[in-house]
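# Coordinate analysis (summary)
Residue-level listing of the chains:
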Amino acid sequence: MDRLKDTLKKDVASSILAGIFLASTTPFFGVIARRYFSASPLHISLISIASGVGQLFTFYWGYIIRSRRDKLKMYVIPNIVARGVFLFTPIIYSISSFLLIIFLYQIISCMATPAYVEVVKAMYPDMLRGRIMGLVKMINNLVVIAVTPLSGQAISSIGFRWVFFVSGIAGIISTLIFSRIKIREVRRETSVPVSIKTILTIPFLDKKFGQYLSVFFMYGLGNWLSNPIYPIILVDKLQASTLQVGYISTITSILSAIFYIYWGRYIDKKNPVRVLFLVFSLDFMIPLGYLLSSIKPTLIFVFISAGISGIVNAGVDLAVMNTILMLAPKEEIASYMALHSTFVGIRGIIGPFLGASLYPVIGPIGIFSINIATALSGGFLMYRFCNSLTTT
């Protein structure tokens, strides 16, 4: 029990500083690119695919991490390096260098994803993991709620460069605190080498996991179509300031903070896949809000979308990790998470480019309509997948 309390204390402290880092950087990438560097739709698409490119490489990192015992170190080092790239923002004065910073951050931080899942499994017991993670995520979001408007105001007043610099320092300290958590490393009696080819066959051999990946891929592809279009609507159609963008992010964070607790308890009592079905079914309201805003320019619809986004983000964030832990054999957790992230990365590369290409042809209404259709379809298919798990 003492170890659990110490782990939670350090996790919360790390999460607070991580909230400061996240609140001061990621919500403003697209708007800063558009306003400070006159970024084109292609540039915005590149920002959107950056995380997809990073996730594409997680398959390789999952393969490496699978045989490593020092999982915590494999999480900590990439995070320090990734957040450290923001220390170079004071010398960023072109869209190319701004994009380079974003790509480096996204690619390097994704290296830590497979290790993080195994670290979390070792940190908290199965019966309490959902609730504890929900509590930590809620605290993180409360910090984001408080900091995002202040960061938006600071960016408007002094520019983004020094705001990003300070946030990078906060992010590094956050990771250093997390590195002090003591976890019980999993020690296997025998280490059986597994080839990359063998890992690639997992979705074909494990039919349930393959079905999960297919549904998640289809659902998320529509969201990625819309991602590069959102900043364009905010800046060009709605003339939103960085302060208003901060308010949008704050609304998302408030709802996330509330629903992290709710979804965490729901997962521990019932099923993480059922949470995915519920949030997938709500997701269509996010592009619907932007669709209505593109027809009748007003931020009200975007604020509603932001609230729904908070509910959905909290559910997906908690449910995905717990679904992987539920579906994967103990010795293959990193491989399963790496495969999931790789598929997310593939759709994250295809979607934004496809969205930017379709935008001049079918406009925002067409893009958001496709997104609405994929969200509703994803909810239906995840419902069927959830039922298939309860009947087998």
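Look a little higher up for the structure.
## Thoughts on helix α8 (residues 126–158)
Between its terminal C-alpha atoms α8 stretches 46 Å, which fits the 48 Å expected from 33 residues at 1.5 Å a residue. Most pronounced at Val-147, the bend in α8 amounts to some 30 degrees, and the proline Pro-149 follows within four residues. Looking one or two places after α8, you find Gly-159, whose phi comes out positive at around 90 degrees.

## Re unusual backbone geometry
The phi torsion at Ser-38 lies on the positive side, around 50 degrees, for a residue other than glycine. In this fold, Ser-38 is placed in the loop between α2 (29–37) and α3 (41–56). Residue classification places Ser-38 among the exposed positions, given a relative accessible area of 62%. For Gln-239, which is not glycine, the phi torsion reads 55 degrees and is therefore positive.

## Focus: the nonpolar core
Counting residues in hydrophobic clusters, the biggest one holds 113 residues, and the most contacted among them are Phe-98, Phe-209, Tyr-212, Leu-276, Phe-280, Val-316 and Met-382. When residues in this core are grouped by element, the largest group, 15 residues, is from helix α17 (residues 299–327). Residue contacts for Val-316: discarding those within four places in its chain leaves Phe-216, Tyr-219, Leu-276, Val-279 and Phe-280.

## With respect to the packing of α8 against helix α9 (residues 160–178)
Contact pair α8 / α9: the axes reach a minimum separation of 7 Å and the direction vectors enclose 135 degrees. The angle between α8 and α9 falls in the class oblique. For the pair formed by α8 and α9, the contact residues are Ala-154, Ile-155 and Ile-158 on the first element and Phe-160, Val-163 and Phe-164 on the second. Here the contact of α8 with α9 is built from residues that sort into 6 nonpolar, no polar and no charged.

## Section: the packing of aromatic side chains
Inspection of every chain in the model, using the stated rule, returns 33 aromatic pairs. Ring centres of Tyr-290 and Phe-368 lie 6.2 Å apart, and the angle between their planes is 50 degrees; on these two criteria the pair is classed as tilted. Here the residue Tyr-290 occupies a position in helix α16 (residues 285–295), and Phe-368 occupies one in helix α18 (residues 333–390), the gap between them amounting to 78 residues. Phe-368 shares its class with Tyr-290; the two are buried. Feature note: the residues Phe-21, Phe-29, Tyr-36, Phe-37, Phe-86, Phe-98, Tyr-105, Phe-160 and Phe-164 constitute an aromatic cluster, connected by ring pairs. The ring of Tyr-93 carries the charged tip of Arg-161 above its face, separated from the ring centre by 4.0 Å.

The rules behind these values
- Residues numbered from 1 in each chain as written.
- Predicted model: local features only at pLDDT ≥ 70, side-chain atom pairs only at ≥ 80, totals over all residues.
- Heavy atoms only, no water.
- Helix = DSSP H or I, 4+ residues; strand = E, 2+ residues; numbered from the N terminus.
- Expected span 1.5 Å × (residues − 1).
- Bend = angle between axes of the 7 residues up to and from the residue.
- Buried < 20%, exposed > 50% of the residue type's maximum accessible area, 1.4 Å probe, protein only.
- Core = buried A, V, L, I, M, F, W, Y, C linked by side-chain atoms within 4.5 Å.
- Contact = heavy atoms within 4.5 Å.
- Axes fitted to C-alpha atoms, helices over the stretch in contact; angles between N-to-C directions.
- Parallel < 35°, antiparallel > 145°, perpendicular 65-115°, else oblique.
- Nonpolar A, V, L, I, M, F, W, Y, C, P; charged D, E, K, R; others polar.
- Phe/Tyr/Trp six-rings, centres within 6.5 Å; stacked < 30°, edge-to-face > 60°.
- Lys NZ or Arg CZ within 6 Å of the ring centre and 35° of its normal.

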